[in-house]
Amino acid sequence: MASATLSSTFTSKVAVSHANCERGNFRNSVVRSSSRRNAAPVRISCSTNQEGESEKTSTLSRRELTVTTPASIAAVAALSALPQSVRAEAFAGSDEWVQVPLPVDPGVILLDVEFVPDEPNHGFLLGTRQTLLETLDGGRTWEQRFLNSDDEGVNYRFQSISFSGNEGWIIGKPAILYHTTDSGKTWERIPLSARLPGNPILITALDNQGGAEMATDEGAIYVTANAAQTWRAAVEETVSATLNRTVSSGISGASYYTGSFATVVRSEGGDYVGVTTRGNFYMTWEVGQSYWQPHNRNSSRRIQNMGWRKDGGLWLIARGGELFYGVGDGITEDFEQRRIGSRGFGILDVGFSKGNEVWAAGGSGSLFKSVNNGDKWERIKDLDNVAANLYTVKFMNNGKTGFVLGNDGVLLRYTA
């Protein structure tokens, strides 16, 4: 994994057409040509959904769709007739969270959300099935955008988005990369080498001057300082190569390892923690190291997810809803349990908002809150009727802006 050029001089321009888009639901057929390296420029477009109100009802929850009494049917019809900005606030929620209806097909899993730093109301939402949504009002309403890829028959999973100033990046699976320098008004597709180890799983914008850092599910970390014209490898080998070279490391499940990372999270200081797909151990990488470092899990249960606290320490979720905090700050193998009382539902992610406020999300609409940095937790019962697994909790703008992302296009917006 020596220093390598991952992009060619060819770039295919794609532009977002804002002028002809009205608020509401949007649908557009994705027009693709056969895959070729010297493809012609393509354009992102959006058009008003011609099916009108019948399409709007698709954002209702499973519970609402099964209601058959005349009064309930009338209530659902009245809700569907409201403008989208009003319907967003009309959906059931709690004092601190509200569910936002989205113009997406059922089955879409939301994967990442990010806002433009200098435009606190302007953000983008990513998901499976090439889902890209844009908001200009802080996430109260969202409109669908399209990044046509020229790859016929390929259904991209947009995985990660990051902004620094007006410069932004989107990566997806199979390997795909987009770049913007105007806050997302236009997006430029940048080809990636077919020899890239693994699929991109995380992108981080660095300096608003062409800098970015990209990690793959095979543990490759590449850095660019010239808007992806060239990339420099930050690690010398993939995690599979590291583990199979160190079979005597004492790491359970590391010998003859052929898997990949399920999750990779970067700290503000540039360190990484990754959880393997089987969850039997985790690995870390610190700035300046040549290889990933493997670590045994602290629990008999496999690891579900890991990440970084605001103080720089680690948190770890084990399957079955167990939550642990790493002792001290930085990388460690010593963890202390934080009892969350998840009722047997799995906890999938943790997010840190204002002060000592922490949120944990999981299966079957489970959402938990702590106001003392995770020492004690309470379940948000008002959200029990949310018919989705909640996969991601993310806060921005110093904890003032927050979202919970789930499957079936479920999005919760933080209103506290």
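Conventions used here
- Residues numbered from 1 in each chain as written.
- Predicted model: local features only at pLDDT ≥ 70, side-chain atom pairs only at ≥ 80, totals over all residues.
- Heavy atoms only, no water.
- Helix = DSSP H or I, 4+ residues; strand = E, 2+ residues; numbered from the N terminus.
- Buried < 20%, exposed > 50% of the residue type's maximum accessible area, 1.4 Å probe, protein only.
- Areas by Shrake-Rupley, 256 points an atom, 1.4 Å probe, with all protein chains shown as cover.
- Contact = heavy atoms within 4.5 Å.
- Salt bridge = Lys/Arg side-chain N within 4 Å of Asp/Glu carboxyl O.
- Pairing = 2+ DSSP bridges.
- Lys, Arg positive; Asp, Glu negative; His and termini not counted.
- Phe/Tyr/Trp six-rings, centres within 6.5 Å; stacked < 30°, edge-to-face > 60°.
- pLDDT = per-residue confidence, 0-100.

Scanning the protein chain from terminus to terminus reveals 5 helices and 29 strands. Residue burial in the protein chain is summarised as follows: out of 416 residues, 55% are buried. Accessible surface for the protein chain amounts to roughly 17,700 Å². Of this, 46% is attributable to carbon and sulfur atoms.

Take the environment of Ala234 next. Among the structural elements, Ala234 can be located in the loop between β14 (232-233) and α5 (239-245). On the accessibility criterion, Ala234 (18% relative accessible area) is buried. Separated by 53 residues in sequence, Ala234 and Val287 place their C-alpha atoms 8.4 Å apart. Excluding anything up to four places from it in sequence, Ala234 contacts Ile221, Val223, Trp285 and Gln289.

With that settled, the discussion passes to the pattern of salt bridges. Working definition: two side chains of opposite charge can pair if their charged atoms are close together. Scanning all chains against the criterion turns up 11 salt bridges. Of the charged contacts, one joins Arg145 and Glu143 as a salt bridge, the two residues approaching to 3.1 Å between their closest N and O atoms. Overlapping salt bridges bring together Glu96, Glu357 and Lys369 as one network.

Among the 5 residues in strand β17 (residues 281-285), 5 count as buried, and that is most of the element. Burial of β17 is two-sided: the residues Phe281, Met283 and Trp285 facing one way and the residues Tyr282 and Thr284 facing the other way are all buried. Across 4 bridges, strand β16 (residues 272-276) lies against β17 in antiparallel orientation. Paired with Gly274 across the bridge in β17 is Met283. Taking the residues that link successive antiparallel strands as the turn, the β16-β17 hairpin has 4 residues, and the phi of Gly279 there is positive, at about 70°.

So, about the sheet that holds strand β24 (residues 358-362). The 4 strands are arranged β23-β24-β25-β26 in an open sheet whose pairing can be described as antiparallel. Each having just a single partner strand, β23 (347-352) and β26 (378-379) make up the two edges of the open sheet. Bridge count between β24 and strand β25 (residues 367-370): 4 bridges; the pairing is antiparallel. Residue pairing across strands places Trp359 opposite Lys369, the latter belonging to β25.

Once that is clear, we can look at the side chain of Asp217. By secondary structure assignment, the location of Asp217 is in the loop between β12 (212-216) and β13 (221-224). Within the buried core, Asp217 has no salt-bridge partner, and the shortest N-O distance to an opposite charge, that of Lys173, equals 4.7 Å. Residue contacts for Asp217: discarding those within four places in its chain leaves Gly198, Asn199, Ile201, Ser260 and Phe261.

The residue Ser353 is located in the loop between β23 and β24 in this model. Separated by 47 residues in sequence, Ser353 and Lys400 place their C-alpha atoms 7.1 Å apart. In contact with Ser353, not counting residues within four places along its chain, are Lys310, Trp359, Phe395, Gly399 and Tyr414.

Before going further, it helps to examine the environment of Gly313. Of note, Gly313 is situated in the loop between β19 (303-308) and β20 (314-318). With a relative accessible area of 0%, Gly313 lands in the buried category. When sequence neighbours within four positions are dropped, the list of residues in contact with Gly313 reads Gly307, Trp308, Gly328, Asp329 and Gly330.

Evaluated as defined, the whole model comprises 17 aromatic pairs. Geometrically, the ring pair formed by Phe115 and Trp142 is edge-to-face, given 6.4 Å between the ring centres and 80° between the ring planes. Linking Phe115 in strand β3 (residues 110-115) with Trp142 in the loop between β5 (131-135) and β6 (143-145), this pair joins segments that are 27 residues apart in sequence. In terms of burial, Phe115 and Trp142 fall into one category: buried. Look at Phe115 and Phe403: their rings are 5.7 Å apart centre to centre, the planes differ by 15°, and that puts the pair in the stacked class.

The predicted coordinates ought not to be read in detail in places where the model reports low pLDDT. Model confidence for the protein chain is summarised by a mean pLDDT of 81, while 75% of its residues fall at 70 or above. Per-residue pLDDT stays below 50 along residues 1-90; that stretch engages in 187 contacts with residues further than four places along the chain or on separate chains.

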